[in-house]
Amino acid sequence: MKVRKAVIPAAGYGTRFLPATKSQPKEMLPIIDKPTIQWIVEEAVESGIEEILIITNHQKSSIENHFDRSLELEYFLESKNKYEDLELVRSISNLANIYSVRQKEQKGLGHAILCAKTFIGNEPFAILLGDDIVVNQKVPAIKQLCQVFNEVNSSVVGVQEVPKTDVSKYGIVKPINNINKSKRFSEIVDMIEKPSLAEAPSRLAVLGRYVLTPEIFPLLETQTPGSGGEIQLTDAIRRLLDTQKVYAYNFEGHRYDVGNKLGYLEATVDFALAREDLKDEFMELLKKKVNISVRETIK
Ligand code: UTP
């Protein structure tokens, strides 16, 4: 069955970005001039997803507004003959069928996904975390997972290897077979949320992209709080393993955790260096800054 629907959970508090996120969603923080969540919606659209549900909360109406028409702004741009900007603004509201639902209490990622139950119904669906951007110019990450789903007809979690020092930050999988460049996916036998290095069954971390079967929903409904006192999606997927196969797929692409300050800065620098209108001047600026800081360190 084709994966037609995607869920983007974006209802978290974004505490790592306070005070910026006190009254504005971290998903609206721009990477240069485009909000993070728009990069993610575009990945879903380029992957053939037709309907997108964004999980928000009462402080995140700017996300809903961003994907809606803005008639006053359109009128203003038209009256000033700013047709390029007008086209840009209009194109955002035409990206896809975008819906939203509010998570009334921030009880964790698993609980956020449960809010999508009615929207998803009885079909497989994609999940793209609202603060993870993955760049792959050829095949978008979630499209890669959808292709694997079509092959194995079971849930697929997107993974990449992380350094030993980082395994305690993620859900870590235990694959049956080695995952490497020639064989990028394997069935998994276990999955642990934020394990210590000693407990971690591998260094393969689930990094913000999933395709799941709808059988995850009854498990989420009965899922008790886990790591951090939150209802964890990883714990429900672990229980899904009792009745269905789940695969880990090592997706190709550079992943930026933009919910974290360094990841955000890295994305900003890389995206600026990839932009024709910015890269030369920005590179000069970076060189100047690096030279100054090297000279200051030498002093
Ligand atoms: P994170 O843990 O990265 O987001 O959740 P957070 O809680 O907003 O961030 P910090 O740690 O406080 O800075 C991963 C994704 O799941 C969403 C977040 O919005 C983010 O996109 N999420 C998390 C929810 O939608 N609801 C929740 O209850 C928790």
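Residues numbered from 1 in each chain as written. Predicted model: local features only at pLDDT ≥ 70, side-chain atom pairs only at ≥ 80, totals over all residues. Heavy atoms only, no water.

### Here we look at helix H9 (residues 233–240)
Among the 8 residues that make up H9, 6 are buried, leaving the element largely enclosed by the rest of the structure. Within H9, burial applies to Leu233, Thr234, Asp235, Ala236, Ile237 and Leu240. (Buried < 20%, exposed > 50% of the residue type's maximum accessible area, 1.4 Å probe, protein only. Helix = DSSP H or I, 4+ residues; strand = E, 2+ residues; numbered from the N terminus.)

### Some remarks on the site of the ligand
Every one of the 19 residues lining the ligand counts as a neighbour, but Gly12, Gly14, Thr15, Arg16 and Gln103 are closest to it. For the ligand, whose free accessible area comes to 570 Å², the fraction covered by protein is 84%. (Near = heavy atom within 4 Å. Areas by Shrake-Rupley, 256 points an atom, 1.4 Å probe, with all protein chains shown as cover.)

### Let's talk about the packing of helix H10 (residues 261–273) against helix H11 (residues 279–298)
At a minimum axis distance of 8 Å, the contact between H10 and H11 shows a crossing angle of 130 degrees. Between H10 and H11, the angle is such that the two are oblique. In this structure, H10 contributes Val269, Ala272 and Leu273 to the contact, and H11 contributes Lys279, Phe282, Met283 and Leu286. Its residues assigned to classes, the contact of H10 with H11 shows 6 nonpolar, no polar and 1 charged. (Axes fitted to C-alpha atoms, helices over the stretch in contact; angles between N-to-C directions. Parallel < 35°, antiparallel > 145°, perpendicular 65-115°, else oblique. Contact = heavy atoms within 4.5 Å. Nonpolar A, V, L, I, M, F, W, Y, C, P; charged D, E, K, R; others polar.)

### Focus on the packing of helix H3 (residues 71–79) against helix H4 (residues 83–93)
One can describe the packing of H3 onto H4 by two numbers: an axis separation of 8 Å at closest approach and a directional angle of 160 degrees. Taken as axis vectors, H3 and H4 run roughly antiparallel relative to one another. Crossing angle aside, the handedness with which H3 passes H4 is left-handed. Where H3 approaches H4, its residues Leu73, Glu74, Leu77 and Glu78 are matched on the opposing element by Tyr83, Asp85, Leu86, Val89 and Arg90. Classifying every residue of the contact of H3 with H4 gives 5 nonpolar, no polar and 4 charged. (Left-handed = near helix turned anticlockwise from the far one by under 90°.)

Without other data, these values stay purely geometric and don't point to any function.
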